[in-house]
Amino acid sequence: MPPQADRVVDERSLHVTSIFQKSGDHAVLDHVADSDEEVLTALGYKQEFKRDFSIWSSFSVSFSILGLLPSVASTLGYNLAYSGPAGAVWGWVVAAVLIQFVALAMAELCSSMPTAGGLYYAAAVLAPEGWGPLLSWITGWSNFVGLCTGPCSVNFALSAMILTAVQIGNPNYGMETFHVYLLMVGLMVFEGLLTMNSTKFIGQLNKVGTIVNLVVLVIFIVWMPAGSINKPKTNPNNIVWTSDGIVNGTEWPTGFAFMMGFLSVIWTMSGYDAPFHLSEECSNANIASPRAIVMTAQMGLYFGWAIILVIAYTVKDVQEVVAGQYGQPMGSLCLQVLGPKAGLAMFSLNIFAQFFVGQGITVASSRVVYAYSRDGALPGSRWLKKVNSRTKTPVNAVWFVVAIGCVQGTLMFASPVAIAAVFSIGAIAQYTAFIIPIGLKLFVVGDKFRPGPWHLGRYSKPIGAVACCWVALIIPVLCFPSVRGHDLTKLTMNYTCLIYGGTMFLALLWYAIDARKWFKGPKINVEHMTNLNTLEDRSDSVEQIPEKTAEKS
């Protein structure tokens, strides 16, 4: 194609904050492109996926990952056990409201930088001069650790639920650890087979998952209080709303136990970043993706609280639920409230909804692996960054995520506490990755950040400040064990610090020894040119590219 057909892309007119701002380069297009491809090109990347996602299919994936009822079921042993019914109710309000600030700040970043790299890309662009590679490395690895624990934690909980249902139906069955592990592996392989398909198929599948989750959620909210076999059917208001309903299940002061119960909320509401990672597959991404993020967080706030209220009003014996014979709090709750047959039926519906949570988190995790591999940040990046020519999806990354989940699952053979750490690791790793670019935008970048078409305006800084304070508070809290003193043993210790800290230490060690020599952050893979002449000097937005400066990455 002759040089005069090449067109320089102006990042400013597209309202993006691009990696090109640090280099002074500009992307070049040699063909007619739609607005989504222009925005992605301005960020430095080629369009490789089909944009078959809409705002609703992006929302469906993230809402499926939230999977409110099954996610609450997976972590019910934290909020209900640590602070009782009233603590769970007020804990959800406090934590979920503050999480909205993080979601809003993230949505603003997504509108300005709608790329699969998401937070990692944003950290590289917003970092002070010379710090981009290190901060993007930390953000990327933290996000990778958080998302890649997701398939393991979700499917571990799902496997335990399925086998608990079997145990309820057949009292002679004895659940063994290797039963849970083998079932977990089988579920992850099946989810991998689904996730390796086309974007269009995944979008439709997650729409089904969203509908299933909503239907099961409504059934739970209506059936639990209406079908309760207890007399009276519901607890008095003072148990739900006042200090009478706060039961400190830890050896820490009640206020601290209340904050430790936030883990259930934080782990449940840590999937709303999925539209950010799916933005390269979404049409009208710089508006649709941030809206999907906010919609997911808002739905999580309101529907999640409704679930917690139902639990708080219907639970009769907290100790029996969190430490019952079946070892699965939601199963014990359903039996306690609805009786054996109806309780098993409600629990089975919850299991069905949980499957779509695992499938959704596998999709999001694979996109993060692909994005970081595209920039050479993971071992085996050359293989992991490949996009399948038939499905136009990162199939290799999907199976890498499945393999990582299977390896993590072996923690269950160490102790129940060790495998339980994947829940808090996921929460801490995700929110660490969430807050780094938000903090950089708030405290470092200043006017260099270009808001996208979806932005917070004058509320951007106060919302970002609240988000940073919230995450700074909850990260250390989630690292504490529930017991202390003589009761703190190797079986009751919280291993979150060890596993997450150890992984991040190895990642930083790799960076210090080797990666700092070659890793420079996001790797531009589009044709670009050095800005010898300012964009204002070019005529008709078409510019002859000097042969010495035109290049392909």
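Residues numbered from 1 in each chain as written. Predicted model: local features only at pLDDT ≥ 70, side-chain atom pairs only at ≥ 80, totals over all residues. Heavy atoms only, no water.

Looking at an unreviewed UniProt entry, the protein carries the name Amino acid transporter, with the source organism given as Cadophora malorum. The heading Subcellular location (unreviewed entry) in the UniProt record of the protein holds the text "Membrane". (UniProt positions renumbered as here; feature names shortened; annotations may be inferred.)

Visitor: What am I meant to see in the overall build of the protein here?
Guide: For the protein, the count of helices and strands is 23 helices and three strands. Its C-alpha atoms give the protein principal-axis dimensions of roughly 80 × 45 × 45 Å. Counting the 553 residues in the protein, one finds 60% classified as buried. In the protein, once contacts between residues fewer than 6 apart in sequence are set aside, the share between residues at least 24 apart is 82%. For the protein, the exposed area adds up to about 21100 Å²; of that, 64% sits on carbon and sulfur atoms. Distance between charge centroids for the protein: 5 Å, based on 34 positive and 33 negative side chains. (Helix = DSSP H or I, 4+ residues; strand = E, 2+ residues; numbered from the N terminus. Buried < 20%, exposed > 50% of the residue type's maximum accessible area, 1.4 Å probe, protein only. Contact = heavy atoms within 4.5 Å. Areas by Shrake-Rupley, 256 points an atom, 1.4 Å probe, with all protein chains shown as cover. Lys, Arg positive; Asp, Glu negative; His and termini not counted. Charge placed at Lys NZ, Arg CZ, Asp CG, Glu CD.)

Visitor: It is not clear to me how the environment of M161 should be interpreted in this structure. Could you clarify?
Guide: Relative to the elements of secondary structure, M161 occurs in helix α8 (residues 150-169). Given a relative accessible area of 0%, M161 falls into the buried group. Apart from the residues lying within four places of it in its own chain, the contact partners of M161 are P70, A73, S74, Q328, F347, N350, I351 and Q354.

Visitor: I would appreciate a short explanation of unusual backbone geometry in the present structure.
Guide: Trans is the common state for peptide bonds, and a negative phi is the common state for residues other than glycine. The step from K231 to P232 runs through a cis peptide bond, and the omega angle for that step is -5°. A positive phi angle, near 60°, is found at H15, a position not held by glycine. One can find H15 in the loop between β1 (7-8) and α1 (20-23). Of the residues examined, H15 reaches a relative accessible area of 43% and is grouped as partly exposed. You will see that K392, though not glycine, has its phi angle at about 60°, which is positive. Within the secondary structure layout, K392 lies in the loop between α19 (381-384) and α20 (395-409). According to the relative accessible area criterion, K392 is partly exposed, its value standing at 31%.

Visitor: Would you mind showing me how to read helix α5 (residues 76-112) here?
Guide: Think of an α-helix as 3.6 residues a turn; residues three or four steps apart then line up on the same face. The first and last C-alpha atoms of α5 sit only 37 Å apart over 37 residues, clearly below the 54 Å expected at 1.5 Å per residue. Within α5, the axis deviates most sharply at G84, by approximately 120°, and proline P85 lies no more than four positions further along. Taking burial as the measure, the 37 residues of α5 include 29 buried ones, the bulk of the element. (Expected span 1.5 Å × (residues − 1). Bend = angle between axes of the 7 residues up to and from the residue.)

Visitor: Just to check I follow, could you spell out the pattern of salt bridges for this structure?
Guide: Applying the stated criterion across every chain, the model contains three salt bridges. A salt bridge links E280 to R374; the nearest nitrogen and oxygen atoms lie 2.8 Å apart. Placement of the pair is E280 in the loop between α14 (274-277) and α15 (285-314) and R374 in helix α18 (residues 340-374), with a sequence separation of 94 residues. With a relative accessible area of 1%, E280 lands in the buried category. (Salt bridge = Lys/Arg side-chain N within 4 Å of Asp/Glu carboxyl O.)

Visitor: I tried to follow the packing of helix α21 (residues 416-443) against helix α23 (residues 496-513) on my own but got confused; where do I start?
Guide: Each pair of packed helices can be summarised by the angle the axes make with each other and by the distance between the axes. With their axes 8 Å apart at the nearest point, α21 and α23 run at an angle of 55° to one another. Judged on the interaxial angle alone, α23 and α21 are oblique. The handedness of the crossing between α21 and α23 is right-handed. The segment α21 lies against α23, with A418, A421, S424, I425, I428, A429 and T432 engaging T496, I499 and Y500. Considering only residue class, the contact of α21 with α23 consists of seven nonpolar, three polar and no charged. (Axes fitted to C-alpha atoms, helices over the stretch in contact; angles between N-to-C directions. Parallel < 35°, antiparallel > 145°, perpendicular 65-115°, else oblique. Left-handed = near helix turned anticlockwise from the far one by under 90°. Nonpolar A, V, L, I, M, F, W, Y, C, P; charged D, E, K, R; others polar.)

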